[in-house]
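An overview of the molecular structure
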Amino acid sequence: MIPLSYFLVFAAALFSIGLYGVLARRNAIAILMGVELMLNAVNINLVAFWRYITPTQIAGQAFAVMVFAVAAAEVAVGLALVISIYRRRNTVVADDIDLLKF
Amino acid sequence: MIFSEVTSAGAQFFQWVPLILAFPLAGLLINMFFGGRLPEKVIGIVGSSAVVLTFVVAVLQAISLVGHPEGAVVPLADWIHIGELHLRWAIQVDTLSVTMMLVVSGVGSLIHIYAIGYMHEDVRHNGDPGRYQRFFVFFNLFILAMMVLVSADNYLMLFVGWEGVGLCSYLLIGFWYDKGEGGIGNAMAAKKAFVTNRVGDFGFLLAAFTMFGAFRSFEFESVFRQAPEVAAIIPSAIMFITLFMLLGVTGKSAQLPLFVWLPDAMAGPTPVSALIHAATMVTAGVYLVARSYPLYSLVPEAQFWVTMVGALTALFSATIAVGQFDIKKVLAYSTISQLGFMVAAVGMGATVAGMFHLVTHAFFKALLFLSAGSVILGLEQGHHHVEHDPVLRKKAKNLHHFDPQDMRNMGGLRTRMPITFWVFTIGGLALAGIFPLAGFWSKDEILLEANHLYSWAYIILSIAAFFTAFYVGRQLLMVFFGEPRTEPAAHAKESPPVMTVPLMILAGLSALGGLLNLPGIHTFGHWLEHTLEAATHGEAAEVAAEVGAEAAQAGALGFDLGIAAISTALAVVALGLAWYLYDRRYKQMLDIPPAKRPDDPLRSILGPVFTGMERKWWVDELYWAVLLNPYIALSKFLAQVIDWRFWHDWFHDVVIAGGFKWITRLTAVRIDLGGIDAIANGLATVTQGLAQQMRRLQTGYVRNYALSVFVGVVIILGYLILR
Amino acid sequence: MNVQDLYAISPLIVLVTWATLLILVDVYIIRDRNGGTPILAALGLLVAMGFAIAQTGQQYTAFNGMAVVDGFAIFLQVLFLGSGLVGIALAYNYLQRMGIERSEYYILLLYSISGMMLMAIAADLIVVFLALELLSIPLYVLAGFGRPKVEPEEAALKYFLLGAFAGGFVVYGIALAFGATATTSLAGIVQAVNAGSANLTLLSIGAALILIGLGFKVAAVPFHMWTPDVYQGAPSAVTAFMSVGAKAGGFAALLRVFVSALPELAADLSPVLWVLAALTMILGNVVAIAQGNIKRLLAYSSIAHAGYILMALVVFGNTQVSSDAVAAALFYLVAYAVTSFGAWAVVIALEKAEQKGLALDDYAGLGRKYPGLAAAMAVFMLSFTGVPPTLGFVGKLYLFRTVLEGGFIWLAVIGVLTSLVSAYYYLRIVVIMYMRDGDPQVHAEPWLRLTAGVTAVATVVLSLYAGPLFAWASQAVLKLF
């Protein structure tokens, strides 16, 4: 059986990749995808913890499902915002969206 | 039979010992609050009977001690509880303290009775009868303080008495504070005594502090018990304690270098000189060293210094006494000299000899002072008589500047004041150490011990003894023999019985005091042994064994005929020399016309040396030049230059007042307008600048914001993981 | 699920149902866009508030310990619902004036409030996460409500991206806490910690990540950077609601999770919170000085006030002080809410289309021309500064007292000093209003006047009768399951 730590390390790596995406990508969509990666890393954590620590309770699984749902809602809102901005500015590059500052 | 019954039951008398404090206290309170309404006689009787009753209590203690020589400690009250310091008022009853009680209250009783008569005349002549009451209040207060001093069971209570007697000394020296040279001479003398004693007290206090630091206690019993251990651990502690204590002793007992106050203290009434400045208070230093014998026995260096101080003082002031003309000054220097004998004795460890001399000296020196007082009163009465007799008045010269204490104004009083003459002669011969009077035995014992322990001290003391006999002879001859040199002397009258009876009792004591400690019997030695051995018993005994054995051996030396013969021979030769000079030579000098005639035969022989003796070897002048004048100059400098010119004129007026004006102007113009506003504006500008800088962090780039969040995450998680 | 469970969430059910029905009502019945939707929304808030108040004094858990009803929950629910009412009052005329009048505003407002209310009763980390997203997602949309204009869209996108980013940390933290304690229930976490079965290192890392996510919501430095941009870009009515509601919701979660579930971690996390609070107070107050835009200024002000409330959280591990600290935090939230709504009402009254009327200079002459409005604004500024007799003063008093009782003297010192700094920019507004000449254009509609007037009076009067209010807040202590 694969040890729990493998999953945790994998999840952490995935989370870091998502984090890197948020910090490094200039495209707003890509940033959004980074956030989704982070959430999915969390899901792996949740399921792994459920499987290894509380296999008899479904809290971990339920939480994972809820994270999916929330992520979906976020993506819906996020994409709508991005589209709205693209219509007005013709760009989805986050660094170009800097009217509000200082 | 009765005596043995009393002594066996006598332990209960120990419980009465607080009365030695209660009686003088009652006497002084009665006289203080009601003395104003009481007649003079009653005041005197109340004051005297308080002391007589004290003496009775002291005698009862002595009787009890015969049966119970170990004595007792009678607690009175708790005093101080601070941290580890636990002090109580408690009375130490042992042979040493009771000896002092007996001397103080016994001699004190006689002097009190004498003072009833003397002070009656004194206040009459000095013109302020109201002070009669005050005198007895102070006198009883002195007895009280002295009793506290000698009955203390710890050093701090002893110090209370020590300060108390100092206060009484000050009050009584300045009793005629409006008299004396320039109207303030007596007050100055009192001040001098007080200040000089403060120097000594400073030493006492340092000793006490060191003692508490080393022993964590002030109680005799505890200190003496721990002394050998402490001496083994911190040898310097005992050294410091004993040497600082020596400084206290030199102040209170008027030893070199602090003796200068005692001659001036003669400004007080003669009973004061007799009681305080001859018989009792000044011996407090001797008592202190005797009491602290267990400490001194541990440090031979300190013993050496004490002995040295005593011996040198004895010789030094004996030479000065030779050159004095004031009848009381001679006795004052004699007292210093005799105190030197005692201090030397207790210093070298001959405690018994020292205490013995203390007792006999109390007898004969009190006698001498009181007799001198009688002489002075006689002369004053003669002066009074002459002043009111128109015939005699014309014959006499310099009546307004007549000094009743100057021996050059006396002479021939032998026939006019026979009782005074005889008692004075007994006292004088006792002082000179003529067999078989009291002084002979006690001085001989000191010389015997000195010969055994410190031969150089023996030589010094023997020379001092020679001078002692010489100035005694000189005084006797100048005062009582020959023809009266002045009209008042010719008309002097004998004093009343209230004064002469105490004189006769004291004369008896001075003659027979030697019986206390006759060689071979050593009554007094065995009496004191109880206390001295108890204090050094146990562990202390081992360390003190060497010294103690020596001392004990010396105490048992008995009687050395050779030394007695030498000292007697010296005394007789000195008296003979005095007779030659002041009788034969003086009569020859009468041929010389008065204008060229020297006032003292010795002056023509010794010249400047005699002047040195007369001027106390210029010690006062030396102190003035070395200490007082620089001190006064410094004070003046501080007062006039530093305080007045610098502090007041410059600092207050220029710096503070001017500075204040300057600062207000500065505050208003520069600080408030230019400074506060500027600082506030500056701070605001700085903050604003900071704000502007920080504002620039807000780039508007969303990824920077995410980076900021990420940095926060890294720092927080880093902290949590690495802590 | 039983009747009591439903009763426990009855205000929430009412509100969510009401909001959902309102969508249908708005689309099919009202139609004309300027009708009764705001009134109906307000009515829904009042009904929900009635249900919430009806539970006063009760203490119980529901849904197997996932939700809890206690004084803390009821107090906050009333606060959130009241904020919603003010949010509607502020928006009613403003949306018309700005030409963005859409009834979705009110519906989204109700949904967001329902998320906050869920936060108030959350007793399980899953519910906390759900509530956080439920209050946030409608706010993302509301922030962009001013579209089609550049600034609101930009504000919404920034808020959304960063909010989702921060949400990732929260959920990761919750997962770690779950792994560390094998439970997501707050009560279960306490049990696991007390039983010693918890992995404390993992739990404290998880707690720190939760703290980061919630710190983002309350705008704590260094997770604050979205605040000024979003506050400036979003419509002022939304900003006003966000500045109170989102902050209060974040603090509700912080207080609930840290005080009731994690006091054992105080040794680890108190220093972190200490630094966060200090940084937040310092940076918020200092940078506010440099702002010339009233909305950005109030944004930094809101950051600074988050710092003050964070001070109360620093003592969360000290069980003797923590209930006082919770009461002080709740009181300060009320004080901040009242003052902040009043200030935003004035800001909205002066705002004009296209981001005009928001510069500080636009307030010149207000004192002469609109003395009532200027006086109200002066009261709000004094309250923000913490000058008596205002709620802000009393709130700071309670907070500093708590912090001192907790032994964090230097933190209180920093708080006092930064309060002094804050006087600089708050009073500058007062100075501009009264001492500079100008010709301000004001649209003082009735609801705005009412809001500004009521909050101004409340700011002063409640400060004089702070005792009962604080007593109420003190009863709202957290129930430990």
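Residues numbered from 1 in each chain as written. Chains lettered and ligands numbered in written order. Predicted model: local features only at pLDDT ≥ 70, side-chain atom pairs only at ≥ 80, totals over all residues.

On a plain count of helices and strands, chain A comes out with 3 helices and 0 strands. Element order for chain A, N to C, with α for helix and β for strand: α-α-α. For chain A, buried positions account for 36% of its 102 residues. (Helix = DSSP H or I, 4+ residues; strand = E, 2+ residues; numbered from the N terminus. Buried ≥ 20, exposed ≤ 12 C-beta atoms within 10 Å, placed from the backbone.)

With that settled, the discussion passes to the overall build of chain C. Looking only at helices and strands, chain C features 20 helices and 2 strands. Going through the 481 residues of chain C one by one, you find that 69% of them count as buried. Pairs at least 24 apart in sequence give 81% of the contacts found in chain C among residues at least 6 apart. (Contact = placed C-beta atoms within 7 Å.)

By the secondary structure assignment, S462 of chain B is in helix α21 (residues 455-480). Beyond its immediate sequence surroundings of up to four residues, S462 of chain B is in contact with L447, S567 and L570 of chain B.

This part covers the interface of chain A and chain C. With 33 residues of chain A at the contact, the number on the chain C side is 31 residues. Listed by contribution, the elements that provide at least two residues to the side of chain A that touches chain C are α1 (4-24), α2 (28-52) and α3 (59-89) of chain A. Element by element, the count of residues in the side of chain A that touches chain C is highest for α3 of chain A, at 15 residues. Split by residue class, the side of chain A that touches chain C holds 25 nonpolar, 5 polar and 3 charged. (Nonpolar A, V, L, I, M, F, W, Y, C, P; charged D, E, K, R; others polar.)

This brings us to helix α11 (residues 270-279) of chain B. All names here are of chain B. Among the 10 residues that make up α11, 10 are buried, leaving the element largely enclosed by the rest of the structure. Along α11, the residues that are buried comprise T270, P271, V272, S273, A274, L275, I276, H277, A278 and A279. Elements that come into contact with the buried residues of α11 comprise α4 (95-126), α5 (131-151), α6 (155-173), α10 (261-264), α15 (327-347) and α16 (351-387).

Quick look at the environment of A26 of chain B now. Mapped onto the elements, A26 of chain B comes out in helix α2 (residues 19-34). Residues A26 of chain B and L144 of chain B lie 118 residues apart in sequence; the distance between their C-alpha atoms is 9.8 Å.

Moving on to the interface of chain C and chain B. Counting residues at the interface gives 26 residues for chain C and 22 residues for chain B. Elements with a minimum of two residues in the side of chain C that touches chain B: α7 (150-181), α9 (200-218), α10 (226-233), α12 (266-289) and α18 (409-435) of chain C. Class assignment for the residues of the side of chain C that touches chain B results in 22 nonpolar, 1 polar and 3 charged.

Moving on to the pairing of strand β2 (residues 85-93) of chain B. Successive residues of a regular strand alternate their side chains across the two faces of the sheet. Residues and elements named next belong to chain B. Where strand β1 (residues 72-82) lies against β2, 9 bridges are found, and the strand directions are antiparallel. Bridged to A77 within β2 is W89. In textbook terms, the turn of a hairpin is the stretch between consecutive antiparallel strands, and for β1 and β2 this stretch comprises 2 residues, one of which, G83, has a positive phi near 55°. (Pairing = 2+ DSSP bridges.)

To continue, consider the confidence of the model for chain A. Here chain A averages 89 in pLDDT, while 100% of its residues score no lower than 70. Across chain A, the element-wise mean pLDDT spans from 90 in α3 of chain A up to 92 in α2 of chain A. (pLDDT = per-residue confidence, 0-100.)

Residue and element names in this part refer to chain C. Closest axis-to-axis distance for the helix α6 (residues 125-143)/helix α11 (residues 236-261) pair is 11 Å, and the angle between their directions is 170°. As the angle between them shows, α6 and α11 are arranged roughly antiparallel. Counted together, V128, L132, L135, L139, L142 and A143 of α6 and V238, M242, A246, G249, A253 and V257 of α11 form the full contact between these two elements. (Axes fitted to C-alpha atoms, helices over the stretch in contact; angles between N-to-C directions. Parallel < 35°, antiparallel > 145°, perpendicular 65-115°, else oblique.)

What follows deals with α4 of chain B. Residue and element names in this part refer to chain B. A115 marks where α4 bends most, by close to 35°. For α4, the tally of buried residues reaches 26 of 32 residues, placing the bulk of the element in the interior. Following α4 by one or two positions, G127 has its phi on the positive side, about 80°. (Bend = angle between axes of the 7 residues up to and from the residue.)

Let us now look at unusual backbone geometry. A cis amide bond links F435 of chain B to the next residue, P436 of chain B, at an omega of 5°. Note on placement: P436 of chain B falls in the loop between α19 (418-432) and α20 (438-453). Here the amide bond leading from P388 of chain C into P389 of chain C is cis, since omega sits at 0°, within 30 degrees of zero. We note that N64 of chain C has phi near 55°; this positive angle belongs to a residue other than glycine. Mapped onto the elements of the fold, N64 of chain C is located in the loop between β1 (60-62) and β2 (67-69). Under the C-beta neighbour-count criterion, N64 of chain C is labelled exposed, with 11 such atoms within 10 Å. Of note, the phi angle at A219 of chain C is positive, near 65°, even though the residue is not glycine.

What follows concerns the environment of I97 of chain A. All names here are of chain A. With respect to the helices and strands, I97 occurs in the segment after α3. Given 23 C-beta atoms within a 10 Å radius, I97 is considered buried. Separated by 12 residues in the primary sequence, I97 and I85 place their C-alpha atoms 9.0 Å from one another.

All names here are of chain B. Between helix α9 (residues 235-252) and helix α14 (residues 300-322), whose axes approach to 9 Å, the crossing angle comes to 15°. The angle between α9 and α14 falls in the class roughly parallel. α14 is crossed by α9, and the crossing has right-handed handedness. Here α9 contributes M239, T242, L243, L246 and T250 to the contact with α14, which in turn contributes E301, A302, W305, V306 and V309. Residues of the contact of α9 with α14, tallied by class, amount to 7 nonpolar, 2 polar and 1 charged. (Left-handed = near helix turned anticlockwise from the far one by under 90°.)

So, on to the confidence of the model for chain C. Overall, the predicted model of chain C reaches an average pLDDT of 90, with 98% of residues at or above 70. The complex prediction reports pTM at 0.54, with the ipTM value standing at 0.95.

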